[in-house]
Amino acid sequence: VASAASGLAPALSVLIVARAAQGMGAAALLALTLALVADVVPKERAGTAMGLLGTISAVGTALGPTIGGAFIGWWGWPSVFAFMTAAGAVAFLLGVRLFPEDTQSERKLAGLDPVGTVLLALSLGAYALSMTLGGSAPWPVFASLVSVSVGGLTAFAGVEGCVASPLIDVGLLRDRTLSAGI
């Protein structure tokens with residue numbers, strides 16, 4: 001839907017909002033894909049499945065700009081979004097047809113962590129803005145953004161240890177192998 005809205009955008013402001021919706025959808029898609037693999041693929045094949053996902057993602061990252069550039073050159077920028085709309089529709093229909101229904105009727109739904117979500121968004125936003133502005137921002141502005149980012153991340157880590165459904169299970173960081181990988 002966001003791809004279709006992007007391709008049909010009558011103004012830059014509509015395109016920006018539609019692209020933001022595309023970004024949120026892409027972020028959810030990444031997380032849900034890994035969760036789906038963990039849920040559907042047998043444990044002994046999970047590593048292979050994750051590797052395949054990584055390979056497909058890398059190929060898409062490498063080929064996307066080239067293919068997108070060709071589409072733009074041949075048919076204009078809306079064609080990229082038309083292709084993504086068609087690809088999304090095909091993927092949706094295949095998913096509905098091929099993926100099994102959820103048979104775990106006792107599945108516990110995770111709660112929402114609104115405080116952690118706000119703290120993480122604020123912290124990452126302040127960090128991104130401080131790095132984007134860099135040396136062009138006055139020193140007090142830069143220092144304030146970095147302080148908000150560090151303080152917010154510190155508060156986020158504290159909150160995550162206390163809530164029932166944390167965004168990040170900080171207890172997992174006690175695993176040396178996982179911590180080293182991160």
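Residues numbered from 1 in each chain as written. Predicted model: local features only at pLDDT ≥ 70, side-chain atom pairs only at ≥ 80, totals over all residues. Heavy atoms only, no water.

Check the secondary structure of the protein and you find 7 helices and 0 strands. Going residue by residue from the N terminus, the α and β elements of the protein occur as α-α-α-α-α-α-α. Against the globule reference of 16 Å for 182 residues, the protein gives a C-alpha radius of gyration of 20 Å, more extended than a compact globule. With respect to the three principal axes, the spread of C-alpha positions in the protein is 50 × 45 × 30 Å. A buried classification covers 15% of the 182 residues belonging to the protein. A fraction of 49% describes how many contacts in the protein between residues 6 or more apart in sequence connect residues 24 or more apart. Entry remark: accessible area of the protein is about 13300 Å², with carbon and sulfur atoms responsible for 73%. Each charge class in the protein was averaged separately, 8 positive and 9 negative side chains, and the resulting centres sit 6 Å apart. (Helix = DSSP H or I, 4+ residues; strand = E, 2+ residues; numbered from the N terminus. Rg over C-alpha atoms; globule rule 2.2 N^0.38 Å. Buried < 20%, exposed > 50% of the residue type's maximum accessible area, 1.4 Å probe, protein only. Contact = heavy atoms within 4.5 Å. Areas by Shrake-Rupley, 256 points an atom, 1.4 Å probe, with all protein chains shown as cover. Lys, Arg positive; Asp, Glu negative; His and termini not counted. Charge placed at Lys NZ, Arg CZ, Asp CG, Glu CD.)

What follows deals with the packing of aromatic side chains. In this structure the tally under the stated criterion is 5 aromatic pairs. Where Phe71 meets Phe83, the ring centres are 5.3 Å apart and the plane angle is 75°; that geometry is what we call edge-to-face. Remark: Phe83 occurs in helix H4 (residues 78–98) and Phe71 occurs in helix H3 (residues 46–75); sequence separation between them is 12 residues. Ring centres of Trp77 and Phe81 lie 6.0 Å apart, and the angle between their planes is 80°; on these two criteria the pair is classed as edge-to-face. Judged by its relative accessible area of 40%, Trp77 is partly exposed. In this structure an aromatic cluster arises from ring pairing among Phe71, Trp74, Trp75 and Phe83. (Phe/Tyr/Trp six-rings, centres within 6.5 Å; stacked < 30°, edge-to-face > 60°.)

Turning our eyes to something else, we now look at a nonpolar patch on the surface. The grouping of Leu36, Val40 and Phe99 at the surface amounts to a nonpolar patch, some 250 Å² of accessible area in total. Relative to the elements of secondary structure, Phe99 occurs in the loop between H4 and helix H5 (114–133). (Patch = residues over 30% accessible without salt bridge, like charges linked within 9 Å, V, L, I, M, F, W, Y side chains within 5 Å. Salt bridge = Lys/Arg side-chain N within 4 Å of Asp/Glu carboxyl O.)

Take the side chain of Ser3 next. Relative to the assigned elements, Ser3 resides in helix H1 (residues 2–7). A residue is classified by how much of its surface remains accessible, and Ser3, at 12% relative accessible area, is buried. Looking at Ser3, its side chain comes within polar contact range of the side chain of Gln22, at 2.7 Å. Dropping the residues within four chain positions of it, Ser3 is found in contact with Gln22, Phe81, Met84 and Thr85. (Polar contact = N/O pair within 3.5 Å; in protein donor to acceptor, adjacent residues only side chain to side chain.)

Below, the discussion takes up the environment of Val37. Following the sequence through the fold, Val37 ends up in helix H2 (residues 12–40). A relative accessible area of 10% means that Val37 is categorised as buried. In this structure, the C-alpha to C-alpha distance between Val37 and Ala89, residues 52 residues apart in sequence, is 20 Å. Setting aside residues up to four positions removed in sequence, Val37 forms contacts with Ala49, Met50 and Leu53.

Here we come to H4. Here H4 contains 21 residues, and its C-alpha end-to-end distance of 30 Å stays within 8% of the 30 Å for a straight helix at 1.5 Å per residue. Among the residues making up H4, those that are buried are Ser79, Phe81 and Gly95. Buried residues in H4 make contact with H1, H2 and H3. (Expected span 1.5 Å × (residues − 1).)

Here we take up the confidence of the model for the protein. Per-chain confidence: the protein averages 86 in pLDDT, with 91% of residues scoring 70 or above. Taken element by element, the predicted model of the protein shows its lowest mean pLDDT in helix H7 (residues 176–181) (67) and its highest in H1 (94). (pLDDT = per-residue confidence, 0-100.)

A word on the packing of H5 against helix H6 (residues 139–160). Packed helices, taken two at a time, are described by the angle their axes make and the gap between the axes. It is the contact of H5 with H6, at a shortest axis distance of 8 Å, that shows an interaxial angle of 155°. The orientation of H5 relative to H6 falls into the category roughly antiparallel. As H5 runs across H6, the sense of the crossing is left-handed. Counted together, Val115, Gly116, Leu119, Leu120, Leu122, Ser123, Ala126, Tyr127, Leu129, Ser130, Met131 and Leu133 of H5 and Phe142, Leu145, Val146, Val148, Ser149, Gly152, Leu153, Ala155, Phe156, Val159 and Glu160 of H6 form the full contact between these two elements. Of the residues assigned to the contact of H5 with H6, the class counts are 17 nonpolar, 5 polar and 1 charged. (Axes fitted to C-alpha atoms, helices over the stretch in contact; angles between N-to-C directions. Parallel < 35°, antiparallel > 145°, perpendicular 65-115°, else oblique. Left-handed = near helix turned anticlockwise from the far one by under 90°. Nonpolar A, V, L, I, M, F, W, Y, C, P; charged D, E, K, R; others polar.)

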